[in-house]
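Analysis of the macromolecular model
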Amino acid sequence: MRLPMPSAAVAVTAALAAALAVLPGPALAAETPAMSSFTISDPRIKESSGLAASRIHPGVYWTHNDSDDGPYIYAVDSASGRTVARVTLTGIGKPRDVEAISLGPDGQLYVGDIGDNRNGTWDHVWIYRFPEPKQLGDVTVEATQFTVKYADGARNAEALMVHPVTGRVYIASKDENKGGLYEGPAELTTGGTNVFRRVAAVPWVTDGAFSPDGTRLTLRGYFTARTYPWKDGLPVGEGERVDAPWQGQAESVTYTPDGSTLMFGAEGEGSRVIAVPVAAAASASPQPGAPSEAAPTADPTGSFGKGALVLAGGLVLVLGAKRLLRRRS
């Protein structure tokens, strides 16, 4: 869900979108059919905000719209880009701002209705859980709804990750200054509020995913992504840079079931899901003191580096406009 922005912010956002459409980038050059990139062709999916790879349906990815769609989850076949199932959830309230989806070791899909663009207007958010359908097709299923609060107060979030070994649920908040990784209880309960506690600081995050073996956590933002070693329930160190593609409204990431590839998605009708092999994704860690969401290294022609600086500046203007709007509200 998005707030209306002042005209200056709208202009900056338009400029950002135009720049992103034409900027060259090494990740885009790496895209080949062998990497299983695909385009979501369903016109109903206009704001794909989460992505989860099916374990029982090879080549199928689960996704959903951001807001104003309803209790729907879509299964997209990466071979054709077509929707092969739409799941209608019952037994829950009206979804408010669905931002993430993750598949747990119990074979159930976890859907994060965790967005809060007003950063504290909603004192609770929700997680929905339902078994991954064994047969593909349009179906209605009853989901379990969990109420979630944060130990340190309400916040906006767009990333929900279920650890593939322990089954514990994590949420990463979206904040340009003080983003945090929040750990849920060992088991979610419907009998009361599930309190998520901050366990680590993280950069600006729009989605995240654990590797299938649970040893790595990848978090993405609008411009870059990082992969962290995962040990004893925490991300370790500063992580490694990942050559995430430029996608404008970059909103989702997941691993392929074999862990060999990261799949990066974005909002927009006919959006592209771009595959980046894990072996080629990580690059050197930044030097001490470098920001965790630093712009990528410039290419030999200099155009990539200059474009990244322009985009970063535009993002600062947009964020400033949003802050101003919140103060006026």
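Here the structure is shown first, and the text comes after it.
In this text, all values refer to a predicted model and were calculated from it rather than measured experimentally.

**Let's talk about the overall build of the chain**
Scanning the chain from terminus to terminus reveals four helices and 22 strands. Classification of the 329 residues of the chain by burial places 50% in the buried group. Look at the contacts in the chain between residues 6 or more apart in sequence, and 56% of them connect residues 24 or more apart. Accessible surface for the chain amounts to roughly 14,300 Å². Of this, 55% is attributable to carbon and sulfur atoms.

**Brief notes about the environment of G137**
Positionally, G137 belongs in the loop between β8 (125-131) and β9 (139-142). Taking the C-alpha atoms as reference, G137 lies 6.5 Å from R86; in sequence the two are 51 residues apart.

**A look at the side chain of S54**
Of note, S54 is situated in the loop between β2 (50-53) and β3 (60-64). Of the residues examined, S54 reaches a relative accessible area of 3% and is grouped as buried. Engagement of the side chain of S54 in a polar contact is seen with the side chain of E132, the distance being 2.4 Å.

**Quick look at the sheet that holds β2**
Taken in spatial order, the five strands make up an open sheet running β2-β3-β4-β5-β9, and their pairing is mixed. Where the open sheet ends on each side, the last strands, each with one partner, are β2 and β9. Pairwise comparison of adjacent strand axes, ignoring direction, gives a mean angle of 25° for this sheet. Alignment of strand β4 (residues 72-77) against strand β5 (residues 83-90), held across five bridges, turns out to be antiparallel. Paired with I73 across the strands is V87, a residue of β5.

**A few points about the pattern of salt bridges**
Applying the stated criterion across every chain, the model contains four salt bridges. Across the pair D152 and R155 runs a salt bridge whose closest N-O atoms are separated by 3.3 Å. Among the salt bridges present, the one from R168 reaches E183, with a minimum N-O distance of 3.8 Å. Here R168 is found in the loop between β11 (157-162) and β12 (169-173), whereas its partner E183 is found in strand β13 (residues 180-183), with 15 residues between them in sequence. The class of R168 is partly exposed, set by a relative accessible area of 22%.

**A short note on the environment of K46**
Its location among the elements puts K46 in the loop between β1 (38-39) and β2. Judged by relative accessible area, which is 49%, K46 ranks as partly exposed. The spacing of K46 and D69 is 23 residues in sequence and 9.5 Å in space, taken between C-alpha atoms. Once residues lying within four places of it in the same chain are set aside, the contact partners of K46 are N65, E267, G268 and E269.

**What about the packing of aromatic side chains?**
With the rule as written, the count across this model stands at seven aromatic pairs. Measuring from ring centre to ring centre gives 5.0 Å for Y150 and Y182, while their planes differ by 70°; the resulting arrangement is edge-to-face. With Y150 in strand β10 (residues 144-150) and Y182 in strand β13, this pair connects stretches of sequence that are 32 residues apart. Residues F210 and W230 carry aromatic rings whose centres are separated by 4.9 Å and whose planes lie at 80° to one another, so their mutual orientation is edge-to-face. Residue F210 is found in strand β15 (residues 207-210), and its partner W230 is found in strand β17 (residues 225-231); the two are separated by 20 residues along the sequence. For the pair F210 and W230, a shared accessibility class is recorded, and that class is buried. Through a chain of ring-to-ring contacts, the aromatic side chains of Y170, F210 and W230 assemble into a single cluster. Taking NZ or CZ as reference, R96 lies 4.1 Å from the ring centre of W122, over its face. Lying over the aromatic face of Y150, R155 brings its terminal NZ or CZ to 6.0 Å of the ring centre.

**Some remarks on the sheet that holds strand β21 (residues 261-266)**
Across the sheet, which stays open at both edges, the four strands sit in the order β1-β22-β21-β20 with antiparallel pairing between neighbours. Both outer strands of the open sheet, β1 and β20 (250-255), are each paired with one neighbouring strand and no more. Inspection of the sheet shows β20 paired to β21 by five bridges, in the antiparallel sense. The residue bridging S252 from the neighbouring strand is G265, located in β21.

**Notes on the pairing of β10**
Both β8 and β10 contribute to a ladder of five bridges, which runs antiparallel. In the strand pairing of β10, W126 is matched with T147. Two strands pair when backbone bridges link them, and β10 and strand β14 (residues 193-201) are joined in this way by four bridges, in the parallel orientation. Each bridged residue has a counterpart across the sheet, and for Y150 the counterpart in β14 is F196.

**Here's the deal with the side chain of H57**
With respect to the helices and strands, H57 occurs in the loop between β2 and β3. Each residue touching H57, except ones within four places of it in the same chain, is listed here: E132, P133, K134, Q135 and L136.

The rules behind each value
Residues numbered from 1 in each chain as written. Predicted model: local features only at pLDDT ≥ 70, side-chain atom pairs only at ≥ 80, totals over all residues. Heavy atoms only, no water. Helix = DSSP H or I, 4+ residues; strand = E, 2+ residues; numbered from the N terminus. Buried < 20%, exposed > 50% of the residue type's maximum accessible area, 1.4 Å probe, protein only. Contact = heavy atoms within 4.5 Å. Areas by Shrake-Rupley, 256 points an atom, 1.4 Å probe, with all protein chains shown as cover. Polar contact = N/O pair within 3.5 Å; in protein donor to acceptor, adjacent residues only side chain to side chain. Pairing = 2+ DSSP bridges. Axes fitted to C-alpha atoms, helices over the stretch in contact; angles between N-to-C directions. Salt bridge = Lys/Arg side-chain N within 4 Å of Asp/Glu carboxyl O. Phe/Tyr/Trp six-rings, centres within 6.5 Å; stacked < 30°, edge-to-face > 60°. Lys NZ or Arg CZ within 6 Å of the ring centre and 35° of its normal.

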